[in-house]
Amino acid sequence: MNEQSLEPLKPHPEGRALRAEVDLGRVARNLGRVQAAAGGRGIWGVVKANAYGHGAVPVGRALAAAGAHGLAVSSLEEGLELRQGGIECPLLVLGGLRPEALPTASAEGLTIAVVGPEHLAQYAQILPSHPVKLHLKLDTGMGRFGLLPSELGGCLPGLRQLAPWLEGAMGHFATADDPDQGFALRQRRLFDACLAQLADAGIHPAQRHHGNSDACLRGLLDQDTHVRPGLALFGLTTLLEGRTLGLEPALALVAEVARVKTVPAGTTVGYGRTFVAPEPMQIATLACGYADGYRRDLGNRGVVGLAGRTFPVVGRVSMDYLTVALPLDTPVAPGDPMTLFSADPDSPHSVERLAQVLGTIPYELTCALHRRITRRFFP
Ligand SMILES: Cc1ncc(COP(=O)(O)O)c(C=O)c1O
């Protein structure tokens, strides 16, 4: 079979009546709040996974304009998308890079995390002709990427060769959201010990960053020069500290009502007939389903907003549609906008509250929002 690369479907603004409304002013204000909580440290704004579903290029531009030092992405492709979108600030590829891709990274001015000892020698061969700034990832307890503290000693000769390009050292907390800070503090101590070992070997990365959003909110930053928040920039948090900081959710998911029908008691709705109308009622169908990222398990559990009131999602969520029950006397008509994810953190259909209903984290709900959803950006 021949390999083919197809352009992703581009939503047309006048097409499907489903849109994510993204308030870039809120993103910029959240950046200011997080930076203040982080004592003014430099911000690597994490915009991987299409800026957690919010739209990588517009969000990236807004963060850069609002004073982020740089943006962090997970892959080469995500970095290239931002460069092609005209973003010129530093871009850090968190997931590392195969050595063969270094020339591309160099041409595009990407900064690369060094994520494993096996890359050191190959990088040292390529960087003199294709220079790239590097951040050394240290695995202080996340168990994914990075050099283990026990490996560092053996890697020092290789790291000395890379020293001219080594701009930063970084780690990542596994439990910054945990009220028990024991493990996080252990990670910090290991990070400091690694930095001291590097310094003894004459390696002094100018930037040090270990903290995500929750570490900023919980003050786990110690000697770090920079931080790497993601979630908090979008106004989302699972911590009380985040709410008291006044973070404002940046995204609302809105679908226009496609059809309304009045049904008698006993009518069943959707696949599997999991909802039976207990009385005569209106059923509104919205063009948003699990293919858009609206979770199927919100069927018979989620709520949506209309004109300041909330109504239950009834029956199973299907691929492209979901159904909402409204009393007979509720004014509702095709074209009316219903809010599926509210930007009011206290509403029962905020991203955080729906995540709680589902027993998951807010990240999963916004990251899942499909690229076929039209995104509208407000300054
Ligand atoms: C390496 C790294 N740094 C920073 C972040 C940002 O974390 P958060 O969104 O919790 O602030 C992430 C997110 O997954 C990450 O993987």
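Residues numbered from 1 in each chain as written. Predicted model: local features only at pLDDT ≥ 70, side-chain atom pairs only at ≥ 80, totals over all residues. Heavy atoms only, no water.

Some details on helix H3 (residues 56-65)
(1) Moving on: Those residues of H3 that fall on the buried side of the exposure criterion are Ala56, Val57, Val59, Gly60, Ala62 and Leu63.
(2) Moving on: One or two steps after H3, the chain reaches Gly67, where phi turns positive at roughly 110 degrees. (Buried < 20%, exposed > 50% of the residue type's maximum accessible area, 1.4 Å probe, protein only. Helix = DSSP H or I, 4+ residues; strand = E, 2+ residues; numbered from the N terminus.)

Digging into the nonpolar core
(1) Moving on: Among the nonpolar cores identified, the biggest contains 109 residues, and Leu134, Leu159, Leu253, Met338 and Leu340 are the most heavily contacted of them.
(2) Moving on: Residue assignment places this core across two domains, with domain 1 (24-238) and domain 2 (251-342) each supplying three or more.
(3) Moving on: Filtering out sequence-adjacent residues up to four positions away, Met338 remains in contact with Leu253, Val254, Ala255, Val257, Ala284, Leu286, Val304, Gly305, Leu306, Val324, Leu326 and Val332. (Core = buried A, V, L, I, M, F, W, Y, C linked by side-chain atoms within 4.5 Å. Domains from an automatic or database assignment. Contact = heavy atoms within 4.5 Å.)

Remarks on the domain arrangement of the protein
(1) Moving on: What the domain assignment reports for the protein is domain 1 (24-238) and domain 2 (251-342).
(2) Moving on: Here the C-alpha centre of domain 2 lies 42 Å away from the C-alpha centre of domain 1.

Notes on the environment of Asn300
(1) Moving on: When you line up the elements, Asn300 lands in the loop between strand S13 (281-286) and strand S14 (303-306).
(2) Moving on: Along the backbone, Asn300 and Pro312 are 12 residues apart, and their C-alpha atoms lie at a distance of 6.9 Å.
(3) Moving on: Among all residues touching Asn300, those that are not within four sequence positions of it are Thr274, Phe275, Val313, Val314 and Gly315.

A closer look at the pairing of strand S16 (residues 322-326)
(1) Moving on: Of all 5 residues in S16, 5 are buried; the element is thus mostly enclosed.
(2) Moving on: Residues Leu322, Val324 and Leu326 of S16 are buried on one face, and the alternating residues Thr323 and Ala325, pointing to the opposite face, are buried as well.
(3) Moving on: Direction of pairing for S13 relative to S16: antiparallel, over a ladder of 5 bridges. In the strand pairing of S16, Ile283 is matched with Ala325.
(4) Moving on: Strand direction decides the pairing type here: strand S15 (residues 309-314) and S16, joined by 2 bridges, are antiparallel. (Pairing = 2+ DSSP bridges.)

What to know about the sheet that holds strand S2 (residues 42-46)
(1) Moving on: Strand order in the open sheet formed by 8 strands is S8-S7-S6-S5-S4-S3-S2-S9, with parallel pairing between adjacent strands. Here the strands that pair on one side only, and so sit at the sheet edges, are strand S8 (207-209) and strand S9 (226-227).
(2) Moving on: Where strand S4 (residues 91-93) and strand S5 (residues 110-114) come together, 3 bridges link them in parallel fashion. When the sheet's bridge partners are listed, Leu92 is paired in S5 with Thr111.

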